[in-house]
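For reference, the chains in residue letters:
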Amino acid sequence: MDRAAGGPVQGNAPGNYAYQLAFDLTGFDATTAVISGRWSSDNAGLEVRLNGELTGIAFEGNFAAFSPDFEIAGGFVEGTNLLEFVVNNAGDGVNPTGFRAELAGSVQPLPPPGIPPTIARQPDDVVAAPQQAVTLSVTASGSRPFHYQWRLDGAPLAKANGPVFTIASVNANWVGVTTCWCGTTGAPSRAGLRR
Ligand SMILES: [Ca+2]
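> When you look at the environment of Phe99 in this model, what are you seeing that I'm missing?
By the secondary structure assignment, Phe99 is in strand S7 (residues 98-109). When the C-alpha atoms of Phe99 and Ala18 are compared, they prove to be 9.9 Å apart, with 81 residues separating the residues in sequence. Residues in contact with Phe99, not counting those within four places in the same chain, are Tyr19, Ser41, Phe85 and Val87.

Below, the structure written as structure tokens:
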């Protein structure tokens, strides 16, 4: 790691490195997964990504000391997940880099068969301007598999069969949806989920 007397500088080229951890949540309820931990790196810890999405976690990089504790409590999927720590190795030439992390995780097993699906997390209320993009989402719980159907004033919408529904450009035709999601707490469940 250090320059040997008269020898070459050892280490790695400058640039960004992604330290990857893959794990399989098959058989587990990914909506209940949580990873907590702390990390440090040489040099700056630029970002932490879960399944390609930024988590908002970064650390300035001080290899002698760990970051404050962080927690990732969303963004997990059933099946294979990929957690990535992106570390920059600074400088103009080859020099040492490093990464260290302490992680702990928890997840609940999938429910047994026979538990009817319910919406565990309702869509957030949305107030949108014309031509704005709107994304609505629900989190379901209960036995798998889930079958989703988003509806507008009771009428099923085409190609709206997942937990996330995006309207690319809101116009007057979507007022029913807007009304629905801005309504009382119980209203959104009308439109969410069927089995
Ligand atoms: Ca370095």
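Having seen the model, we can carry on.
> How do you make sense of the sheet that holds strand S5 (residues 70-72) when you look at a structure like this?
Within a beta sheet, neighbouring strands are joined by backbone hydrogen bonds and run either parallel or antiparallel to one another. Spatial strand order, S5-S2-S7: three strands in an open sheet with antiparallel pairing. Both outer strands of the open sheet, S5 and S7, are each paired with one neighbouring strand and no more. Each adjacent strand pair in this sheet contributes to an overall mean axis angle of 20°, direction not counted.

> Would you explain unusual backbone geometry in this entry?
At the junction of Asp42 and Asn43, the peptide bond is cis and its omega measures out at 5° in the coordinates. On the secondary structure map, Asn43 appears in the loop between strand S2 (28-42) and strand S3 (45-50). Even without glycine at this site, Asn51 takes up a positive phi of about 55°. With respect to the element layout, Asn51 can be found in the loop between S3 and strand S4 (53-54).

> Whenever I open this one, the environment of Leu152 confuses me. Can you help?
Mapped onto the elements of the fold, Leu152 is located in strand S12 (residues 151-152). It is 9.5 Å that separates the C-alpha atoms of Leu152 and Asn173, two residues lying 21 residues apart in sequence.

> Would you mind going over the nonpolar core with me for this structure?
Nonpolar side chains in soluble globular proteins tend to be buried together. Among the nonpolar cores identified, the biggest contains five residues, and these are Trp39, Val48, Phe59, Phe85 and Val87. Each residue touching Trp39, except ones within four places of it in the same chain, is listed here: Gly45, Phe59, Phe66, Ser67, Phe85, Arg100 and Ala101.

> Looking at this model, I keep getting lost on the sheet that holds S4. Mind explaining?
Read across the sheet, four strands follow the order S1-S6-S3-S4 without closing on themselves; strand pairing throughout is antiparallel. Both edges of this open sheet fall to strand S1 (15-24) and S4, since each of them pairs with a single strand only. Pairing analysis gives two bridges linking S3 to S4, with the strands arranged antiparallel. Bridged to Leu50 within S4 is Glu53.

Each value, and the rule that gives it
Residues numbered from 1 in each chain as written. Predicted model: local features only at pLDDT ≥ 70, side-chain atom pairs only at ≥ 80, totals over all residues. Helix = DSSP H or I, 4+ residues; strand = E, 2+ residues; numbered from the N terminus. Contact = placed C-beta atoms within 7 Å. Pairing = 2+ DSSP bridges. Axes fitted to C-alpha atoms, helices over the stretch in contact; angles between N-to-C directions. Core = buried A, V, L, I, M, F, W, Y, C linked by C-beta atoms within 7 Å. Buried ≥ 20, exposed ≤ 12 C-beta atoms within 10 Å, placed from the backbone.

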